[in-house]
Amino acid sequence: MGAIDAAVEGPAGLVSTLEAQLGLLGPVASRAVRIASYLAKLRAAGDGRFWVASFEKDPWSTASTLLQWRDDLIAAGWHGKPVGARRIDDLAAAEDAGTTLPLGLADRAVRLLNALPSRPGLRVKRLTLAEPRALLPPLWRRLLDTLEAGGVSVDQHDGCVAAAEGSDLGKVQRALSGEERERLTGDGTFVVVKADTELMAAEVIADWLAVSPADERAGTVVLAPDGDTALLDHALRARGLPALGLSAASPWRGALQVLPLAFAVAWQPFDPRVLLNLLMLHRPPISRWAARRLTRALSKEPGIGGAAWLDAWAGIEARLIEMYAEIEPKDARKKVDAVLAEWRTWTDVGRFDRSLGIPTVEAQAIAGRVAAWAMRADAGRNDRLLLAVAAAAGAVVDAINRLEQEAVPALLLERIVSQVLSEGVVNPDHVSEAGSVRAVRSPGALWSAASRVIWWGFVGPGERVSRDPWDRAEVEALEAAGVALESSADAARRIGAGYTRVLQRSAERLIFVRPALSRDEQTTVHPLAHELKPILEGAGEGVVFKAARAGRSTRRTPTHPSFRGNQRPAGWCRQMGRACWRGRLDGRAPRERDFAASTLQLPLWLVRPGGVGPASRALR
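Figured I'd write up the structure that's included with this text. (Residues numbered from 1 in each chain as written. Predicted model: local features only at pLDDT ≥ 70, side-chain atom pairs only at ≥ 80, totals over all residues. Heavy atoms only, no water.)

### As for the layout of surface pockets
Volume-wise, the second largest pocket comes out at about 1,000 Å³. For the second largest pocket, the lining is made up of 39 residues, of which Gln68, Asp72, Ala75, Ser466 and Glu486 are closest to its centre. Listed by contribution, the elements that provide at least two residues to the lining of the second largest pocket are helix H1 (11–22), helix H2 (31–44), helix H4 (59–75), helix H6 (105–115), helix H7 (138–149) and helix H21 (488–504). (1 Å grid on protein atoms, 1.4 Å probe; cavity = no way out; pocket = protein on both sides within 12 Å on 5 of 7 lines; lining within 4 Å. Points joined across faces, edges and corners; volume = space filled by probe spheres on them. Helix = DSSP H or I, 4+ residues; strand = E, 2+ residues; numbered from the N terminus.)

### Side note on the environment of Arg292
Residue placement: Arg292 occurs in helix H14 (residues 288–300). Spatially, the C-alpha atom of Arg292 lies 7.4 Å from that of Leu279, the residues being 13 residues apart in sequence.

### With respect to empty space enclosed by the protein
Vacant regions in the atomic arrangement are exposed by a probe of water-molecule size rolled over the atoms. Tallied over the full model, the rule gives one cavity of 30 Å³ or more. Forming the walls of the largest cavity are Ala262, Val265, Ala266, Thr345, Asp348, Arg351, Ile366 and Arg369. Split into classes, the residues belonging to the lining of the largest cavity amount to four nonpolar, one polar and three charged. (Nonpolar A, V, L, I, M, F, W, Y, C, P; charged D, E, K, R; others polar.)

### Let's talk about unusual backbone geometry
In the segment running from Gln268 into Pro269, the intervening peptide bond is cis, with an omega of -5 degrees. In this fold, Pro269 is placed in the loop between strand S5 (267–268) and helix H13 (272–279). We note that Glu404 has phi near 60 degrees; this positive angle belongs to a residue other than glycine. Within the secondary structure, Glu404 is located in the loop between helix H18 (384–403) and strand S8 (407–408).

### Examining the side chain of Thr347
Mapped onto the elements of the fold, Thr347 is located in the loop between helix H16 (332–346) and strand S6 (352–353). Contact partners of Thr347, with chain neighbours within four places excluded, come to Leu275, Leu294, Ile304, Trp309 and Trp313. (Contact = heavy atoms within 4.5 Å.)

### Notes on the packing of H18 against helix H19 (residues 410–421)
Their axes nearest at 10 Å, the elements H18 and H19 cross at an angle of 140 degrees. Comparing their axes, H19 and H18 come out oblique. Every pair of crossing elements has a handedness; the one defined by H18 and H19 is right-handed. Across from Ala392, Ala395, Val396, Ala399, Ile400 and Leu403 in H18, the residues of H19 making contact are Leu412, Leu413, Ile416, Val417, Val420 and Leu421. (Axes fitted to C-alpha atoms, helices over the stretch in contact; angles between N-to-C directions. Parallel < 35°, antiparallel > 145°, perpendicular 65-115°, else oblique. Left-handed = near helix turned anticlockwise from the far one by under 90°.)

### Brief notes about H18
With 20 residues, H18 ought to run about 28 Å at 1.5 Å a step, and its terminal C-alpha atoms sit 29 Å apart, in line with that. By the burial criterion, the buried members of H18 are Leu385, Leu386, Ala388, Val389, Ala390, Ala392, Ala393, Ala395, Val396, Ala399, Ile400 and Leu403. Buried residues along H18 sit against H2, helix H12 (258–264), helix H17 (360–378), S8 and H19. Note on H18: the residue one or two positions beyond its end, Glu404, has a positive phi of about 60 degrees. (Expected span 1.5 Å × (residues − 1). Buried < 20%, exposed > 50% of the residue type's maximum accessible area, 1.4 Å probe, protein only.)

### Quick notes on the packing of aromatic side chains
What the rule picks out here adds up to 10 aromatic pairs. Arranged with centres 6.3 Å apart and planes meeting at 75 degrees, the rings of Trp309 and Trp313 form a pair that is edge-to-face. Here Trp309 pairs with Trp313, and both are found in helix H15 (residues 307–327), just four residues apart, close to one helical turn. The burial state of Trp309 is the same as that of Trp313; both residues are buried. Taking 4.2 Å as the distance between ring centres and 35 degrees as the angle between the ring planes, the aromatic pair formed by Phe458 and Phe512 counts as tilted. With Phe458 in the loop between strand S10 (450–456) and helix H20 (472–480) and Phe512 in strand S11 (residues 506–518), this residue pair connects regions lying 54 residues apart in the sequence. Phe512 shares its class with Phe458; the two are buried. Taken together, the ring pairs connect Phe190, Trp455, Phe458, Tyr499 and Phe512 into an aromatic cluster. (Phe/Tyr/Trp six-rings, centres within 6.5 Å; stacked < 30°, edge-to-face > 60°.)

### Points about the pairing of S11
The side chains of a regular strand alternate between the sheet's two faces. As defined by bridge partners, strand S3 (residues 190–197) adjoins S11 across seven bridges and the pair is classed as parallel. Its bridge partner being in S11, Val191 is matched across the sheet by Ile511. Relative to S11, S10 is paired through six bridges, and the arrangement is parallel. By the bridge assignment for S11, Trp456 is matched with Val513. Where S11 lies against strand S12 (residues 521–522), two bridges are found, and the strand directions are antiparallel. Following the sheet pairing, Leu517 is matched in S12 by Gln522. (Pairing = 2+ DSSP bridges.)

### So, a positive patch on the surface
A contiguous patch of positive charge on the surface is contributed by Arg288, Arg292, Arg296 and Arg319. When residues in the positive patch are grouped by element, the largest group, three residues, is from H14. In this structure, Arg296 sits in helix H14. Residue class for Arg296 comes out exposed when judged on its relative accessible area of 54%. (Patch = residues over 30% accessible without salt bridge, like charges linked within 9 Å, V, L, I, M, F, W, Y side chains within 5 Å. Areas by Shrake-Rupley, 256 points an atom, 1.4 Å probe, with all protein chains shown as cover. Salt bridge = Lys/Arg side-chain N within 4 Å of Asp/Glu carboxyl O. Lys, Arg positive; Asp, Glu negative; His and termini not counted. Charge placed at Lys NZ, Arg CZ, Asp CG, Glu CD.)

### Quick notes on the packing of H2 against H19
Running from N to C, H2 and H19 point in directions that differ by 145 degrees, and their axes come no closer than 8 Å. Taken together, the residues of H19 that come into contact with H2 (itself represented by Arg31, Ala32, Ile35 and Leu39) are Leu412, Ile416, Gln419 and Val420. Considering only residue class, the contact of H2 with H19 consists of six nonpolar, one polar and one charged.

### Things to note about the environment of Gly188
Structurally, Gly188 can be placed in the loop between helix H8 (168–176) and S3. On the basis of relative accessible area, Gly188 is assigned to the buried category, the value being 3%.

Structure (structure tokens):
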């Protein structure tokens, strides 16, 4: 859905838009930088605070937890002042101690609340809410009230659509709305596909999409809450369909590992395996041919300074001289010395004792070297992964600077690097391809009606409700000071409503896909599945299916109820020792072009308590 001079944004996007129009834009600090800054403020607040014991054992985790508490209080209307409760008053003392804390999202929203009444002239004239206003957290309701008072129109977008009368999807929609439950008949409008693995689930869904008419695919939305459609995309490509292109952000992308490994090689005692890991990266910080020579030397003699190591460097120097003699004969020696000096810094190992830490200047120099390497390697190509490395290294430098310490202990430095990389980077090589099937990452992104919805990865735990750390006396003190915290029950209600809106915005068909294993871990039940459980009781055949390979546990002919006795169904064949089904997954009679262009040979069957049947009957 598009619109002229309009944008679809979340809370952070709305805040950025308003800041730009009010002239309040500024640098946005990463969470690692804010944690480091808050750690310094907690230390500056002095002894006798409630966090002292925890802070002595793990200052980073303590600062991270308390910063979240503090941000939640700011969002609820706290102004950083004492309220007569010891723990909150200690946090108020931290607000005034040390240097200024970089603004978080809640701070920026509160700044807008204070600035909007005195700064007219917003270009924003109308806001349309995708979620019910009453369910929004208190901070965002206050911001909407302030915008409305300033002349901005605030409307509610419904986006819900009623499925066909008498359909299973319509019955589920009405049951979730509080109406009387009706038995589901298995008409295919509401289907739960269960599979042993994600791979088997991907095969079933890809088969269904492959035989669906183009106009049906055009109205299909795939919801992938974990943000990863790699397995499904692999199955789609195998059937000639475009990839959806969603990939989960990972901190383990190859180039990102240069940052932690650059610090790891600096610690005593020297571990040759760490240096090997650095040199064997897909994009090492020195030229690959030089990295290979050093790798062979380390493999032969696990250490530095030995004969193999010195011979490797001599060979590298000789090749560099040969290379630069051809390119820049006049300055060859100067260029070679500069390159060798830079490359040797990456192998300057075992310099610092973990118990004493690393001097702040040296730590910033290592991070700065990583950032400089990433920018040179990018060379203006806007490589998303390399730019992320440079940004992460810059965040490490900023965070270390805000600690206000002469030396950084090993554990604290590792926590900083881990926090900086925690957001990760999506796979830059996994991109979406032009096609009619859309994909979204969260239930809230489905803000308008869709004809068909596939909830890929319908597993738990779902969005978690944060635990309220305050006792009754503290809550009462906060309420007396005008601080309105969002209760856990309200947060759970808001999250649950987001799940059920997916059903209310599905017009014709909704398919839940739940694998028993995700990668190598057992999955858990999604919270919405608990709500659906009583609705599914007594459901007819065709509502819940189990995908499994034919002949996996038995080699006998499938016993789907529609088959009579031991007669093999039409289309059953044996090819390369396995069962396959030829035909259309929607159960319709094959068309002439189906045989010419899209004859299917599917090694998958759907197993239900009553027997086994071809995948075509599940998603009909």
